[in-house]
Amino acid sequence: MDAYERITRNAAEVVTEEEIEALADDPDGKRAYVGYEPSGVLHIGHMLTANKLIDLQEAGFEVTVLLADVHAYLNDKGSFEEIRHTAERMRDQFIAYGLDESNTQFVLGSDFQLDDDYTLDLHSLELETTLARAERAMAEITSGDSVKVSQAVYPLMQALDIPYLGVDLAIGGMEQRKVHMLARDVLPSIDREPPTSLHTPLIADLGTGRGKMSSSAGVTISMEDSRDDIESKVNDAYCPPTADPEPTDDGEARENPVLQVFEYHVFPRFDAVTVERPKEYGGDLAYEGYGALEADLESGELHPADAKGALAEYLDRLIAPGREQLAE
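Cut-offs used in this document
- Residues numbered from 1 in each chain as written.
- Predicted model: local features only at pLDDT ≥ 70, side-chain atom pairs only at ≥ 80, totals over all residues.
- Heavy atoms only, no water.
- Phe/Tyr/Trp six-rings, centres within 6.5 Å; stacked < 30°, edge-to-face > 60°.
- Helix = DSSP H or I, 4+ residues; strand = E, 2+ residues; numbered from the N terminus.
- Buried < 20%, exposed > 50% of the residue type's maximum accessible area, 1.4 Å probe, protein only.
- Lys NZ or Arg CZ within 6 Å of the ring centre and 35° of its normal.
- Expected span 1.5 Å × (residues − 1).
- Arc of directions from axis to C-beta.
- Contact = heavy atoms within 4.5 Å.
- Domains from an automatic or database assignment.
- Nonpolar A, V, L, I, M, F, W, Y, C, P; charged D, E, K, R; others polar.
- Polar contact = N/O pair within 3.5 Å; in protein donor to acceptor, adjacent residues only side chain to side chain.
- Pairing = 2+ DSSP bridges.
- Axes fitted to C-alpha atoms, helices over the stretch in contact; angles between N-to-C directions.
- UniProt positions renumbered as here; feature names shortened; annotations may be inferred.

Time to look at the packing of aromatic side chains. Ring pairs (aromatic) are described by centroid distance and by the angle formed between their planes. Applying the stated criterion to the full structure yields nine aromatic pairs. Between Phe94 and Phe106, the ring centres sit 6.4 Å apart and the planes meet at 40°, which makes this aromatic pair tilted. One end of the pair, Phe94, is in helix H5 (residues 80-97); the other, Phe106, is in strand E4 (residues 104-108), and 12 residues separate them in sequence. Here the two residues Phe94 and Phe106 agree in accessibility, since each one is buried. By way of ring pairs, the aromatic residues Tyr36, Phe94 and Phe106 are connected into one cluster. Note that Arg269 overlies the ring of Tyr97, its terminal NZ or CZ placed 4.7 Å from the centroid. A cation over an aromatic ring shows up here: Arg317 above the ring of Tyr314, its NZ or CZ 4.4 Å from the ring centre.

Have a look at this one:
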């Protein structure tokens, strides 16, 4: 796998293709970043972007993880003291999950977002950005019917973080696309380069296959989960024998979240996957890539229950180091 293939593996979108190709031509020493509000415990959404950061480190990138304490404060997630304690816990979990500690820089937003230059540049962006434009980028952070002024400033800070961190590539889930497009629109107004970005897919709700998996609603998987918790959640997951399920009666699209987790979480981290089965049911199945597993599920060679058993096993292997770190 060459640098371009590793950088773009499992990406839902890159902006732009030409800019990514230029980074892939000489990735050594380039910097990629992702930002997270400190939330205490890593869940499967964090792990998806972390998998991409691991890909990028293997391609030669250096990685910056922004633990966005100021953003969390603006989003009413607690006092600075509480948020910073949470950030420390998250840092340790990312390392336990597999990020190369020697090649990862963890940065608090308050390390630079309270400086005079940053504040003045933020005010300049506020002068250049209409409220309607900011609102289009802030859907992911608003809650309830009342929008606060802090929530309108939030996406402008996300845009400004990119040049202040000195990175070459911004990483985020597809829900961050609007923020990165805002950054491409507004940063040239303060003589900053528009960012190159890469967006990871969204995993469907584990129980229904609809929408996206969320830590605040529905069923998700986190580093707090025991082996029994993981098995229970995966066994209850929506998993029809196809990668392309029929929509709901209301016409809502559905995905197969079990296959999605295999594709985006398991196969990027393991060279091969073994599905254990009793001999009377055909014996074990071994897969060196996701495509073969999907094909066997579609053909009926692989039963959804057996796929779930293997998924629980490999997820537990991924999560166990972080779970042990939390226990300490």
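From this point on, the discussion continues.
Before going further, it helps to spend a moment on helix H6 (residues 116-128). In this model, H6 (13 residues) spans 19 Å end to end at C-alpha, consistent with the 18 Å of a helix rising 1.5 Å per residue. Three or more residues of H6 are buried, namely Tyr118, Asp121, Leu122 and Leu125. The buried residues of H6 occupy one face: seen down the axis, they fall within an arc of 105°. Pointing more than 90 degrees away from the buried face of H6 are the exposed residues Asp116, Leu120 and Leu127. Turning to H6, the residues buried within the fold contact helix H8 (149-165) and helix H9 (177-186).

The next point concerns the domain arrangement of the protein chain. Examined at the domain level, the protein chain breaks down into domain 1 (3-200) and domain 2 (227-327). Taking the mean C-alpha position of each, domain 1 and domain 2 sit 30 Å from one another. In this complex, domain 1 contributes 14 residues to the contact, which on the side of domain 2 involves 12 residues. Taken together, the residues that form the side of domain 1 that touches domain 2 break down as seven nonpolar, four polar and three charged.

Checked against the element boundaries, Thr86 lands in helix H5. Judged by relative accessible area, Thr86 falls into the buried class, the value being 16%. Polar contacts involving the side chain of Thr86 include one to the main-chain carbonyl oxygen of Glu82, which spans 3.0 Å. Discounting chain neighbours no more than four positions away, the residues touching Thr86 are Pro38, Ser39 and Gly40.

On to the sheet that holds strand E6 (residues 197-200), then. Read across the sheet, six strands follow the order E1-E6-E5-E2-E3-E4 without closing on themselves; strand pairing throughout is mixed. Both outer strands of the open sheet, strand E1 (13-15) and E4, are each paired with one neighbouring strand and no more. Between one strand axis and the next, the sheet turns by 20° as a mean value, whatever way the strands run. Alignment of strand E2 (residues 31-36) against strand E5 (residues 169-173), held across two bridges, turns out to be parallel.

So, about the UniProt feature "binding site: L-tyrosine" (unreviewed entry) in the protein chain. Using the residue numbers shown here, the UniProt feature "binding site: L-tyrosine" (unreviewed entry) corresponds to Tyr33, Tyr154, Gln158, Asp161 and Gln176. Checked against the element boundaries, Gln158 lands in helix H8. Accessibility expressed as a relative area gives 14% for Gln158, which makes it buried. Relative to the elements of secondary structure, Asp161 occurs in helix H8. You can call Asp161 buried: its relative accessible area is 1%. Once residues lying within four places of it in the same chain are set aside, the contact partners of Asp161 are Tyr33, Leu66, His71, Phe112, Gln113 and Tyr118. Within the local environment of Asp161, its side chain forms a polar contact with the side chain of Gln113, the two groups lying 2.9 Å apart.

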